[in-house]
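So you can see what is in the structure, the chains are spelled out below.
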Amino acid sequence: MPLLQYEAPTSLAQARQALAGRSDAKILAGGTDLLVQMRLGLRDPALVVDIKHVPELMEITLGEQGLRLGAAVPGAVVTDHPEIGQLYPGFVEALGLIGSSQIQGRCSAGGNLCNASPAADCVPALIANRATCNIMGPDGERTVAVEAFNTGPASNCLAADEILVSIDLPRPGPRSSDAYLRFIPRTEMDIAVAGAAVALSLDEAGVCIDARVAIGAVAPTALLVPAAADALIGGTLDEDSLNRASAAASEAAAPITDKRGTVEYRKKVVGVLVRRAAGVAKARIEATS
Amino acid sequence: MSINIQTDFKTVGTRPIRPDGPDKVTGRAKYGADLNLSGMLYGHIVRSPHAHAVIKSIDFSAALAMPGVVATMSAEDLPEPGDRILPGAEIEMKLKDISPIIMARGKVLFHSQAVAAVAATSESLAAEAAKRVVVEYEVLPHVLDVHAAMADDAPLVHDDVFTQGIDPAPTRPSNLSADFEMAKGDIEAGFAEADLVIERTYNVPMCHQGYIEPHACVARSDENGKIEIWCCTQGPFMVRNMTAEITGIDLGKIKVTASEIGGGFGGKTTVYVEPVATILACKSGRPVKIVMSRDEVFRASGPVSSAETQVKIGAKKDGTLTAIKTDILMDSGAFSSSPILPATMFAAACYRCDNMHSRGREVLTNKPKAWAYRAPGAPQSIMAVECAVNELAQGLGIDPIDFRLLNAVEEGDVPLFGVPFQSIGLKQSLEAAKNHPNYQAALEQNQGRGVAAAFWINAGLQSSATIHVAEDGSLNVLTGNPDIGGSRASMAMLAAEVLGIPVETVRPSVVDTDSVGYCDTTGGSRTTLATGSAVMKAAGMLREELKHRAAAIWNVDIKEVEWYDGMAVVHSGIGIDELRDELRAGTAGRNPEKVLTMAELAAQAGATGGPLTASASVHAHSAQPSFAVNICDVQVDRDTGKVDILRYTCVQDAGKAVHPAYVEGQMQGGAVQGIGWALNEEYLFNDQGVLENAGFLDYRIPVASDLPMIDTVIVEVPNPLHPFGVRGVGEVPICPPMPAVATAVNRAAGTQLYDLPLSPPKLLAAIEGAGADNEAA
């Protein structure tokens, strides 16, 4: 019978040591994906490295520059935080959509990202917020934009001995907000058929001066859609610019037909979600200024 | 037959706390997987990776070489099944059609069919050992689609199945296992009379019962060959019988104890793992536990037949139905076990119509064997007829409830299945629906309303009950029917009602097959009616015995003793009415010269003839049908195809609701299951016959937040054959939701989509199609 080895390092150095030279190891954060995959027989690691005892992975730092979110901080800690939700409401609502209340106590933004599901809810919201990943490896640290982190379904840019330590979200400017919407056939406990995150900055006249649009579950990885953002920038989120942003998102989408939806359906719905998410983000800006 | 129906109750119709509630909400209740015995092994089943293949060889040597692997089995360990019909299962089956579900014989006929099993000292070891069982297959062409299966050159699922119901009997085997018709009147003349005829095809997908608790059991054998099985089932006597038939072990050597049950809905009216655990226990000499995974439950236990139903229905301008024609095609999976018969018989049972014709066809495919699900067969065919009725009423400009009131069956009408209706509550249920405020609620843009009525036959069958009186006068009521819908509460209430005692002094239990007389399975909405009748009969016998004991104590003639309000009273010298007045006034108090309570009689039982017990059994022929009417309001998101249920109203004739809260629970549960089947639930197979959504993530039953509060109205038109008027209530609730939802969605979306489920991609495509049609027009 194969034996499963478990390590729980208490520092980044120890974690690096545990992973050194091991290609058969998996990192365990909340385990809400890994344990399920192991149980289903989809993954069969010989070593599990639990990184919840490494301080850097469990810290929240909110400052002038923005948010540094430890990769293993549970979703519930983020959604309960008094300030994060005000700065990045779309990101927090995306993170809060993952699983049930019980899952929220374990799942993390870092885990959601590393699991590299094309349908991961918080990834488009991170991309829309220009988030970057702080990665620690044997040769030191490196930084990767979230949109470049995942390389395909269930694959990311981490080498076997690298660890995602934290995610940085820059502090949004004035009159800025974001929103994330996903489509599921039910109301909860489901996986996105399509998802869209929109981050906006408006000037005093209501003209969009900055925008980021990211879409999920409609391509092998979550996509940044510059053409959709371009359609919004310079306009007042009027019908015409929303139509163009929606069409750009549908155009950028490269989905598959599977048990959760068809190519045609996903392309259409992701455009609808972009339009609606832009409306929510705009309403949030107007409500707070 | 005519009986007096009681209408004044003390306990029946109240809502006491359910006796099984505290154990369930605290987690103390023991379910199928909760028993652990010392020395216990874990069984794991090896399943077919092919939809259709010959099993050329099975090699256990690598598995047996692993330390801790103790026993193995395959079909070699089971007797050759004959043509014998298996009694006791919810759907009548031949042994040769069920033994291969336990272990495939010679061939596998669907993906994930059980092929072999191993028992080892841990779950993980058993799973690993199962991987090392080498099965050599010769893959055969398979057929998944019912139409393809009926083609002349289709691969045959069985080479010894000949279409039943065709005259003359065919000489070539076929995947069309049954093809039969029922008719009355002159169907063509009926259509000729009609001013409007609707003709349409309706599809209901294969689904799963979706019980939350997977099948689980522990079996052990001893040196005398005595077998004990603990399992999660709707019928411990059925498990005893089927395990005996499948394994060849004498029935008298098997004792079955049913655990608490986490949902069944018909899916636990057969066996999957019990005979396997039994054989492994016999071969190893140790207890063996088998717990199916969710994946196994979806792939290899009772899915529900899909149905394609063509309806042609006609009515005169005034709304009178003139002809109803239905043609139902059901997928039974790899063995003949579909509910095609009830689907065909009951499709239009709500309607009085002189000219009716119904054809039923059952087709075999290389998919898992279909099994019973709540009102087996009726939801599929009623879906088709009710949608057509709604379209017909709309076409004639008549309110759908008025249309149904005009055509509804009532006492004396003879349905297609031939048994005249006695007193029934369809019209009363329709009136209640029409008067419900939800039927008047205003609808906004993109909202729609659907109405549907439905029928279910309800079963009676055999049941037994035993009552023991404890020394303090409290009662144990023992039956053999697992409690899937609050039946223990009903059993306690019925005993309390008959004896006039507080329900809190009655302890109902579901006991093992050695401890009570035979009970048919919990199913067919029969337990409160039939097992309840056995309880009432035993309670009545006990009441007479108690009067005798009181007469002995008082040394008076039995004629001098009455049973009143849970007490024996003697009325020598005064009339019973005066005595009742005295009792009510409290003047008689607890004078033992005149009054003896249950407790006093129990305390003196030793002196008056020994412990107080009563046992009774029935073969209930008192079952009577139930009718239900649902109203559904939905809102459709025209950009995504998403459907939200706004309001949902269930009206049902319960006969007499013994415990109204559990009747409402049945109504709400059935509605939710029907809503799920209408909107999202379906089996998705790939072209190799492999189920692609074998889990609750992608097999989408509704979650609580998907639904509004389901409003309920209980109508009570007493069953004329039951002393309290009780009808079965558990199954009819799932019959009207699909057509109510489908009609509401189509009204809201402006579509004619009758290919369930109405999932968002399908509905959005239909909305866009309807929009394109309108532009073209």
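What counts, and where the lines are drawn
- Residues numbered from 1 in each chain as written.
- Chains lettered and ligands numbered in written order.
- Predicted model: local features only at pLDDT ≥ 70, side-chain atom pairs only at ≥ 80, totals over all residues.
- Heavy atoms only, no water.
- Helix = DSSP H or I, 4+ residues; strand = E, 2+ residues; numbered from the N terminus.
- Rg over C-alpha atoms; globule rule 2.2 N^0.38 Å.
- Buried < 20%, exposed > 50% of the residue type's maximum accessible area, 1.4 Å probe, protein only.
- Contact = heavy atoms within 4.5 Å.
- Areas by Shrake-Rupley, 256 points an atom, 1.4 Å probe, with all protein chains shown as cover.
- Lys, Arg positive; Asp, Glu negative; His and termini not counted.
- Charge placed at Lys NZ, Arg CZ, Asp CG, Glu CD.
- 1 Å grid on protein atoms, 1.4 Å probe; cavity = no way out; pocket = protein on both sides within 12 Å on 5 of 7 lines; lining within 4 Å.
- Points joined across faces, edges and corners; volume = space filled by probe spheres on them.
- Nonpolar A, V, L, I, M, F, W, Y, C, P; charged D, E, K, R; others polar.
- Domains from an automatic or database assignment.
- Buried area = accessible area lost by both parts, 1.4 Å probe.
- Salt bridge = Lys/Arg side-chain N within 4 Å of Asp/Glu carboxyl O.
- Pairing = 2+ DSSP bridges.
- Axes fitted to C-alpha atoms, helices over the stretch in contact; angles between N-to-C directions.
- Parallel < 35°, antiparallel > 145°, perpendicular 65-115°, else oblique.
- Left-handed = near helix turned anticlockwise from the far one by under 90°.
- Polar contact = N/O pair within 3.5 Å; in protein donor to acceptor, adjacent residues only side chain to side chain.

We now examine the overall build of chain B. Check the secondary structure of chain B and you find 22 helices and 30 strands. The C-alpha radius of gyration computed for chain B amounts to 28 Å, which stays within 12% of the reference 28 Å derived for 777 residues, consistent with globular compactness. Dimensions of chain B, computed from the C-alpha atoms along their principal axes, are close to 90 × 75 × 50 Å. A burial count over chain B gives 62% of its 777 residues as buried. Residue pairs at least 24 apart in sequence account for 79% of intrachain contacts in chain B once pairs closer than 6 positions are excluded. For chain B, the exposed surface amounts to about 27,800 Å²; the carbon and sulfur share of it is 49%. A distance of 3 Å separates the average location of the 63 positive side-chain charges in chain B from that of its 93 negative side-chain charges.

Residue and element names in this part refer to chain B. On the secondary structure map, Met667 appears in helix α20 (residues 660-679). It is 8.6 Å that separates the C-alpha atoms of Met667 and Ile710, two residues lying 43 residues apart in sequence. In contact with Met667, other than residues within four places in its own chain, are Cys650, Val651, Gln652, Thr712, Val713, Ile714 and Pro733.

On to empty space enclosed by the protein, then. Following the criterion strictly, the structure yields six cavities of 30 Å³ or more and no others. Empty space within the largest cavity amounts to approximately 180 Å³. If you trace the largest cavity, you find 20 residues lining it, with A:Pro185, B:Val643, B:Leu679, B:Asn680 and B:Asp706 closest to the centre. Of all elements in the fold, only β29 (643-653) and α20 of chain B reach the threshold of two or more residues within the lining of the largest cavity. Of the residues belonging to the lining of the largest cavity, the class tally is ten nonpolar, five polar and five charged. A volume near 60 Å³ is recorded for the second largest cavity. Looking at the second largest cavity, the residues that line it are B:Ile45, B:Arg47, B:Ile101, B:Ile102, B:Phe110, B:Ser112, B:Gln113, B:Ala114, B:Tyr272, B:Val273 and B:Ala300.

As a further point, take the domain arrangement of chain A. Residues and elements named next belong to chain A. Looking at chain A, the domain boundaries give domain 1 (5-170) and domain 2 (185-288). With centres defined by C-alpha atoms, the gap from domain 1 to domain 2 works out at 24 Å. Taken residue by residue, the interface counts 19 residues in domain 1 and 18 residues in domain 2. Buried surface at the junction of domain 1 and domain 2, summed over both partners, amounts to about 1,500 Å²; 61% is from carbon and sulfur atoms. Seen at the junction of domain 1 and domain 2, the total is three salt bridges. Across the pair Asp210 and Arg130 runs a salt bridge whose closest N-O atoms are separated by 3.0 Å. Elements supplying a minimum of two residues to the side of domain 1 that touches domain 2: α5 (89-96), α8 (122-128) and β8 (150-152). Here the element with the most residues in the side of domain 1 that touches domain 2 is α8; it accounts for five residues. Classifying every residue of the side of domain 1 that touches domain 2 by side-chain character gives nine nonpolar, six polar and four charged.

Two orientations exist for strands paired in a sheet by backbone hydrogen bonds: parallel and antiparallel. Residue and element names in this part refer to chain B. Spatially, β23-β22-β21-β27 is the arrangement adopted by the four strands of the open sheet, whose pairing is mixed. Looking at which strands have only one partner, the edges of the open sheet turn out to be β23 (506-510) and β27 (613-620). When strand polarity is set aside, the average angle formed by the axes of neighbouring strands in this sheet is 20 degrees. Relative to β23, helix α15 (residues 487-499) is tilted by about 140 degrees, and along the sheet it contacts β22 (475-479) and β23. Its contacts with the sheet put helix α16 (residues 527-554) on β21 (461-469), β22 and β27, and the angle it makes with β27 is roughly 145 degrees.

Moving on to the sheet that holds strand β12 (residues 216-221) of chain B. Residues and elements named next belong to chain B. Taken together, seven strands build an open sheet; the order of strands is β3-β7-β1-β15-β12-β13-β14 and the sheet is mixed. If you trace the sheet from one side to the other, it starts and ends with β3 (69-74) and β14 (254-258), each paired once. Across the sheet, the axes of successive neighbouring strands diverge by a mean angle of 20 degrees, strand direction being ignored. Packing against the sheet, helix α4 (residues 123-131) makes contact with β1 (41-47), β3 and β7 (114-120), and its axis sits at approximately 30 degrees to β1. Across the face of the sheet, helix α8 (residues 274-284) comes into contact with β1, β3, β7, β12, β13 (227-231) and β15 (288-291) while running at roughly 130 degrees to β3.

Right, let's get into the packing of α20(B) against helix α21 (residues 737-749) of chain B. For any two helices packed against each other, one specifies the crossing angle of their axes together with the interaxial distance. Residues and elements named next belong to chain B. Closest axis-to-axis distance for the α20/α21 pair is 8 Å, and the angle between their directions is 50 degrees. One element, α20, and the other, α21, form an angle in the oblique class. As for the relative orientation of α20 and α21, their crossing is right-handed in sense. Residues Gly670, Ala671, Gly674, Ile675, Trp677, Ala678 and Leu679 of α20 lie in contact with α21, whose contacting residues are Pro737, Met738, Val741 and Val745. A per-class count over the contact of α20 with α21 returns nine nonpolar, two polar and no charged.

Turning our attention to the environment of A:Ala131. Residues and elements named next belong to chain A. Examined against the element boundaries, Ala131 turns out to sit in the loop between α8 and β6 (132-137). Ala131 gets classed as buried once you look at its relative accessible area, which sits at 1%. Placed 77 residues apart in sequence, Ala131 and Val54 show a C-alpha to C-alpha distance of 22 Å. Excluding residues within four positions of it along the chain, Ala131 makes contact with Leu126, Ala145, Val146, Glu147, Ile167, Asp168, Leu169 and Pro170.

Residue and element names in this part refer to chain B. Between helix α12 (residues 400-407) and helix α13 (residues 426-434), the least distance of the axes is 10 Å, while the angle of their chain directions is 165 degrees. Taken together, the axes of α12 and α13 lie roughly antiparallel to each other. α13 is crossed by α12, and the crossing has left-handed handedness. Residue-level contacts link Ile401, Asp402, Arg404 and Leu405 of α12 to Lys427, Leu430, Glu431, Ala433 and Lys434 of α13. Among the residues making up the contact of α12 with α13, the classes are represented as four nonpolar, no polar and five charged.

Attention now goes to the domain arrangement of chain B. Residues and elements named next belong to chain B. Once the domains are mapped, chain B shows domain 1 (21-27 + 460-620) and domain 2 (304-422 + 625-776). Each of domain 1 and domain 2 has a C-alpha centre, and the two are 41 Å apart. Between domain 1 and domain 2, the contact holds 14 residues from the first and 13 residues from the second. In total, about 1,000 Å² of surface goes out of reach between domain 1 and domain 2, with carbon and sulfur atoms giving 72% of it. For the pair domain 1 and domain 2, the interface holds zero salt bridges. Between the two partners, domain 1 and domain 2, sit two residue pairs in polar contact (both at pLDDT 80 or more). No other element matches α15, which puts six residues into the side of domain 1 that touches domain 2. Split by residue class, the side of domain 1 that touches domain 2 holds six nonpolar, seven polar and one charged.

Each partner contributes to the interface: chain B provides 26 residues, whereas chain A provides 18 residues. Both faces considered, chain B and chain A share a buried interface measuring about 2,000 Å² in area, 58% of it formed by carbon and sulfur atoms. Of all residues in chain B, B:Lys642, B:Leu697 and B:Arg700 bury the most surface against chain A, accounting for 24% of the area lost on that side. The salt bridge involving B:Glu768 is made with A:Lys268; its shortest N-O contact spans 2.9 Å. Linking chain B with chain A are 13 residue pairs in polar contact (both at pLDDT 80 or more), by the criterion used here. Elements that contribute at least two residues to the side of chain B that touches chain A include exactly α4 and α22 (760-776) of chain B. If one sorts the elements of the side of chain B that touches chain A by residue count, α22(B) sits on top with four residues.

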